Amino acid sequence: MALRMVCSSVLRTGTDLGVSNARTIATTAFLCRRSASLGPMPNEDIDYRNLESLEKYRSYTRYLKKAEEAKNSPAWWKTYRQYQQQEDPEHVFIPVCHAGPGVEKVNIGLPHCQSAKGKERKERKRVVKENRSSIELERAMRLRTFKIPLDRVQACWEEMSGPYHVQRLAEHYGIFRDLFPMAYFVPRVTLRVSYGLDISAPVYYGNHLTPTEAAVAPQVSFEAEEGSLWTLLLTCPDEHLLDSEGEYVHWLVGNISGGAVTSGEELYEYLAPIPAKGTGFHRFVFILFRQEGLIHFQEDVQRSPCVSLSERSFKTEQFYRKHQDLITPAGLSFFQSQWDQSVTNTFHNTLNMKEPVFQFERPPVYHPPQVKYPHRQPLRYLDRYRDGKEHTYGIY
């Protein structure tokens, strides 16, 4: 009875104000019953009251896998970019970039030859067992006289994880993006390049060398089977003076038998680095291709000496597409270099052309007109208006 009186008073008050509360409440309840749920929210299934019971985030590897699955799984909510674009059921959103997310890159390198994991596991267990039972190793570790052979560590790294580390470095420096758009490769063959007679300037993966150190053709070595054929390329994607997408080829040797580079056919003779003054560091990339057979490079051979930059205009992608049935990228090494005095000599003496110089001409420092009686200015106020460059300091 009391509830009925309260409801009637509420209805009477709403009627006096011109609002139908009963109708509003009924309509809202009806819409709530009809509206569908928005969908599962992120981490909705986690019981925050009992975090100790969670098993899926106990290790970082498991968390990383779960995060990748959550990242790739479709979500019911829209992204900001999907909100901004015009809604079209026939439109499929693809990120517009050179070779970014959403576009699958192609592996054009050598395949990975996996060895038997069971055999490797047995060999590893055998070595661990021998080391644990070795009295000499135990004594050396206890006396802190044990030495790790770095040559074996380097060889193990080059065989196992080294190629993938080099691939990540090449992606970081934009090597694949500029030379092989939409593609990449894992350098399975270790390429050793060093300048100087005493091998004083080795090439690694992005280290700095001066054009003076790289003035003469380097010494190149790699492990190769007897009778195998290879192609070695040295190119620079940052030097071209007219085409931002072009390259200058500095060295190209084809049909290299085994690991002897001197036995190959020199298509382009070696040209020292020529990074123009004021353009910063340039990337110089060595790429080693494995050949399936003998290739006739009549169309790629340039006259010797090749001292014209127009004749040295090059694109690695076009060269690879032309011979992609017979060559496969196998090795990679690169360094960075910037201008020094030897670049001027190369432009004048070797290329017989004027040296391009890119410099920012700074405007002269602006000084307001001199005031005869400067107010609240120090005595060195007059130094900026002196004719001589050297300042004379007095009492301040």
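These numbers were taken from a predicted model, which means no experiment stands behind them. (Residues numbered from 1 in each chain as written. Predicted model: local features only at pLDDT ≥ 70, side-chain atom pairs only at ≥ 80, totals over all residues. Heavy atoms only, no water.)

Along the chain, the regular secondary structure elements total 11 helices and 12 strands. Within the chain, residue pairs in contact and separated by at least 24 positions form 69% of the contacts whose partners lie at least 6 positions apart. Accessible area of the chain: about 29,100 Å², with a carbon and sulfur share of 54%. (Helix = DSSP H or I, 4+ residues; strand = E, 2+ residues; numbered from the N terminus. Contact = heavy atoms within 4.5 Å. Areas by Shrake-Rupley, 256 points an atom, 1.4 Å probe, with all protein chains shown as cover.)

Take Arg-283: it is sitting in strand E10 (residues 282-291). The class for Arg-283 is buried, based on a relative accessible area of 10%. A polar side-chain atom of Arg-283 sits 3.3 Å from the main-chain carbonyl oxygen of Gly-174. Within the local environment of Arg-283, its side chain forms a polar contact with the side chain of Asp-178, the two groups lying 2.6 Å apart. In this structure Arg-283 touches Tyr-173, Gly-174, Ile-175, Arg-177, Asp-178, Thr-235, Cys-236, Pro-237, Asp-238 and Phe-335, once residues within four positions along its chain are discounted. (Buried < 20%, exposed > 50% of the residue type's maximum accessible area, 1.4 Å probe, protein only. Polar contact = N/O pair within 3.5 Å; in protein donor to acceptor, adjacent residues only side chain to side chain.)

As a further point, take unusual backbone geometry. Most peptide bonds take the trans form, and the phi angle of most residues other than glycine is negative. The amide bond that connects Ser-304 to the next residue, Pro-305, takes the cis arrangement and shows omega of 0°. For Pro-305, the position within the fold is in the loop between E10 and strand E11 (313-314). Located in the positive-phi region is Asn-255, a residue other than glycine, with phi close to 55°. Inspection of the secondary structure puts Asn-255 in strand E8 (residues 247-257). Residue classification places Asn-255 among the buried residues on the basis of a relative accessible area of 11%.

Moving on: a positive patch on the surface. A cluster of like positive charges, contributed by Lys-117, Arg-121, Arg-124 and Lys-125, occupies part of the molecular surface. Checked against the element boundaries, Lys-117 lands in helix H5 (residues 117-133). With relative accessibility at 59%, the residue Lys-117 sits in the exposed group. (Patch = residues over 30% accessible without salt bridge, like charges linked within 9 Å, V, L, I, M, F, W, Y side chains within 5 Å. Salt bridge = Lys/Arg side-chain N within 4 Å of Asp/Glu carboxyl O. Lys, Arg positive; Asp, Glu negative; His and termini not counted. Charge placed at Lys NZ, Arg CZ, Asp CG, Glu CD.)

Below, the discussion takes up the nonpolar core. Residues Phe-180, Leu-252, Ile-287, Phe-289 and Leu-332 are the most contacted members of the largest nonpolar core, which totals 26 residues. Mapped onto this core, the elements with two or more residues apiece are helix H8 (162-172), helix H9 (175-179), E8, strand E9 (265-268), E10, helix H10 (316-322) and strand E12 (327-337). In contact with Leu-252, other than residues within four places in its own chain, are Thr-231, Leu-232, Leu-233, Glu-265, Glu-266, Leu-267, Tyr-268, Phe-314 and Phe-319. Residues Leu-191, Ala-214, Val-253 and Tyr-270 belong to the second largest nonpolar core, which totals 25 residues. (Core = buried A, V, L, I, M, F, W, Y, C linked by side-chain atoms within 4.5 Å.)

Turning next to the sheet that holds strand E4 (residues 201-203). Reading across from one edge, E4-E3-E6 is the order of the 3 strands in this open sheet, with antiparallel pairing throughout. If you trace the sheet from one side to the other, it starts and ends with E4 and strand E6 (219-221), each paired once. Sheet twist, expressed as the mean angle between neighbouring strand axes with direction ignored, is 20°. Sheet topology note: the strand E3 (residues 192-195)/E6 ladder contains 3 bridges and is antiparallel. (Pairing = 2+ DSSP bridges. Axes fitted to C-alpha atoms, helices over the stretch in contact; angles between N-to-C directions.)

Our focus in this paragraph is the confidence of the model for the chain. On average, residues of the chain score 82 in pLDDT, and 77% of them reach the 70 mark or higher. Low pLDDT, under 50, characterises residues 86-100; the predicted model gives this stretch 11 contacts beyond four residues in sequence or across chains. (pLDDT = per-residue confidence, 0-100.)

Using the criterion set out here, one finds 11 salt bridges in the structure. Arg-126 is paired through a salt bridge with Glu-130; the nearest N and O atoms lie 2.6 Å apart. With Arg-126 and Glu-130 both in helix H5, this residue pair falls 4 residues apart, about one helical turn. Between Glu-311 and Arg-303 there is a salt bridge, with the nearest N and O atoms lying 3.3 Å from each other. Beyond isolated ion pairs, a larger network of salt bridges with shared partners links Arg-177, Asp-178, Asp-238 and Arg-283.

Turning our attention to the side chain of Thr-346. As for its position among the elements, Thr-346 is in helix H11 (residues 341-350). Within the structure, Thr-346 has its side chain in polar contact with the backbone oxygen of Ser-342 (distance 2.9 Å). Those residues in contact with Thr-346 that sit more than four places away from it in its chain are Leu-271, Ala-272, Ile-274 and Leu-351.

Turning next to the pairing of strand E7 (residues 229-236). Of all 8 residues in E7, 8 are buried; the element is thus mostly enclosed. Pairing of E7 with E8, which is carried by 7 bridges, proceeds in the antiparallel orientation. Bridging across to E8, Cys-236 finds its partner in Tyr-248.

Bringing the packing of aromatic side chains into the picture now. Counting across every chain of the model gives 16 aromatic pairs. Plain terms: the ring middles of Phe-180 and Phe-185 are 6.0 Å apart, the flat faces sit at 85° to each other, and that makes the pair edge-to-face. Comparing Phe-180 with Phe-185, the two get one shared label, buried. Ring-pair connections join several aromatic residues into one group, and the members of that group are Tyr-195, Trp-251, Tyr-270, Phe-284, Phe-286 and Phe-335. For Lys-277, the ring lying beneath its charged end belongs to Trp-339, and the centroid distance is 4.7 Å. (Phe/Tyr/Trp six-rings, centres within 6.5 Å; stacked < 30°, edge-to-face > 60°. Lys NZ or Arg CZ within 6 Å of the ring centre and 35° of its normal.)

Moving on: H8. Along H8, the residues classified as buried are Gly-162, Pro-163, Val-166, Gln-167 and Ala-170. Looking straight down H8, one finds its buried side chains confined to an arc of 140°; they lie on one side. Within H8, the exposed residues directed more than 90 degrees away from the buried face are Arg-168 and His-172. Buried residues along H8 sit against helix H7 (150-159), H9, strand E2 (183-184), strand E5 (205-208) and E12. (Arc of directions from axis to C-beta.)

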